[in-house]
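Structural characterization, general
This is what each chain is made of:
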Amino acid sequence: MLAVSVTEGGAALARRLPYEHVHGQAGDTVRSRWADVDAFVLFLATGAAVRIVAPLLDDKRTDPAVVCVDEAGRFAIALCGGHEGGGNDLAREVASILGAEPVITTAGEVGYSLGDGGLVVGVGTSSDASPEQVRALVEQTLAGRHAGEVATIDRRAAHPGVVGLGLPVRAFTAEQLAQVDVPSPSPAVREAVGTPSVAEAAALLAAGPGAELITPKQKNEVATVAVARRHRPRGHLSLVGLGPGTAAHRTAAAAAAVRHADVVIGYGPYIEQCRDLLTTDQKVAPSPIGDEVVRAKEALAQAAEGRRVALVCSGDSGVYAMASIALELAEGFDVDVEVVPGVTAALAAAAAVGAPLGHDHCAISLSDLLTPWAAIERRLQAAAEGDFVVAFYNPRSQGRDWQLPRAVGLLSAHRPPTTPVAAVTDAGRPGQAVWLGPLDTFDPAAVGMTTCVIVGSSATRMVDGRMVTPRGYDA
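Attention in this report is confined to the structure presented alongside it. (Residues numbered from 1 in each chain as written. Predicted model: local features only at pLDDT ≥ 70, side-chain atom pairs only at ≥ 80, totals over all residues. Heavy atoms only, no water.)

**Regarding the pattern of salt bridges**
Under the convention used in this document: We define a salt bridge as a contact between a side-chain nitrogen of Lys or Arg and a carboxyl oxygen of Asp or Glu at a distance within 4 Å. Only DSSP runs of H or I reaching four residues or more are called helices, and only runs of E reaching two or more are called strands; each is numbered from the N terminus. Relative accessible area decides the class of each residue, using a 1.4 Å probe on protein chains only: under 20% of the type maximum gives buried, over 50% gives exposed, and in between gives partly exposed.
Within the structure shown, the criterion is met by 13 salt bridges. A salt bridge links E149 to R230; its shortest N-O distance comes to 2.5 Å. Here the residue E149 occupies a position in strand 8 (residues 149-153), and R230 occupies one in the loop between strand 11 (223-229) and strand 12 (236-241), the gap between them amounting to 81 residues. With respect to burial, E149 and R230 carry one shared label: buried. What you see here is one network of salt bridges that share partners, running through E20, R33 and D36.

**Some remarks on the layout of surface pockets**
This is how it is decided: A 1.4 Å probe that fits but cannot get out identifies a cavity on a 1 Å grid over protein atoms alone, an open set with protein on both sides within 12 Å along at least five of seven lines counts as a pocket, and a residue lines either if it has an atom within 4 Å of a point. Grid points are joined across faces, edges and corners, and a volume is the space filled by probe spheres set on the points. Charged means Asp, Glu, Lys or Arg here, nonpolar means Ala, Val, Leu, Ile, Met, Phe, Trp, Tyr, Cys or Pro, and polar covers whatever is left, Gly included.
Of the volumes computed, that of the largest pocket is approximately 1,600 Å³. As for the largest pocket, its lining consists of 47 residues, and the residues nearest its centre are Y270, Y320, A321, N394 and M449. Looking at the lining of the largest pocket, the elements with two or more residues in it are helix 11 (268-273), helix 12 (292-304), helix 13 (322-329), strand 18 (361-365), helix 15 (373-385), strand 19 (389-393) and strand 22 (451-455). Ranked by the residues each element gives to the lining of the largest pocket, the list is headed by helix 13, at four residues. Among the residues forming the lining of the largest pocket, the class breakdown is 25 nonpolar, 14 polar and eight charged.

**So, the environment of S314**
Examined against the element boundaries, S314 turns out to sit in the loop between strand 15 (308-313) and helix 13. Put simply, S314 and G342 are 28 residues apart on the chain and 7.9 Å apart in space, counted from C-alpha to C-alpha.

Purely geometric stuff here, so don't read any function into it on its own.
Right, here's the structure in full:
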């Protein structure tokens, strides 16, 4: 596979792909490599890409797959080779890596755009309904409109005709469906499945309070379909961990959550950390440090208005970050919430020095702003006695300079003085600095707020200049 770019922005995206990369002279490169490359990813405008490849096309069964990616990295478009050439699969793969949206246009694989998520299609089927029969009725009923979700009875949630629509599936029991007032109840359906309606009731139930049935049930010989509109789009909050610093350690899922958000909220430096993903169409709300509760409430309020919101932080949002407070406050908000994992500081620091977390380990924050020091000290004592490798978060700041020496002292009582210690500052960021040495030479005064300190267990040792805690395998 060959990635081809012509701009610096395209080149930066191309370098994130695990493919051969050529920068510049796109036309000459594609023409000269057409016969010996099985797939191209072109970081070009689609018009330019079409002009290059059109004269080279011969047979869809043998032509290379071609995927086109826009300058902002928002879309991976399967341009050709979408059948035997595998362009559709390549578009999905590229989109997954870049956090982009795959654009598939071949008829057999076209789903329904999520659009604003305002429509729900309810489906009831017989057990022997084919995916093609269900799809045909859905397409006829939607009449060109976009649905964001399919709803059905629980016994049909895994039916090929339902899952084959390519939409998120919401399923309900017959008892739940029977409680919904519908315009077209059926005694025969009640007799068969225990509820007088499947399609209409499922659509209304999934669409939520205030939903409107805009298309009553439509039937063919094996299925029924109805369409409901939500009172407003259901809000979605993504709690996004951006990783330790650079885009290289940012997951594709995190990038996708930010790209697809209507609103991006976060501490100012974290907003800058994902600036390359933002567009002028998005509302961006940076805030100062210390406003964590305010940020979480704002994110939930925005999502409750029907928007897609990304609440961003560095590292992993669930590790000493925003996920816990946002989930605590989410009770009572009628929004979907997902936690998008990221590479946390301890993992980035560990990778910089070897494999110190190879066996049992724990993470302890030394900040006593939110946790009493007595509680922190009990945990330190337990980790010391349990012989855990310990990763220290928030080890030291200008106003907190005694906690780290105290913590190291507690561990030292249970560790030999030669125990390896790592202090990694700005892990995974430009300017990363690493100190690695024995416990009895470690100087806590050299540590700052952006340092992650890892103290080994009694089994941790240095192997060829790297800090390693053996798992116990026979070498």
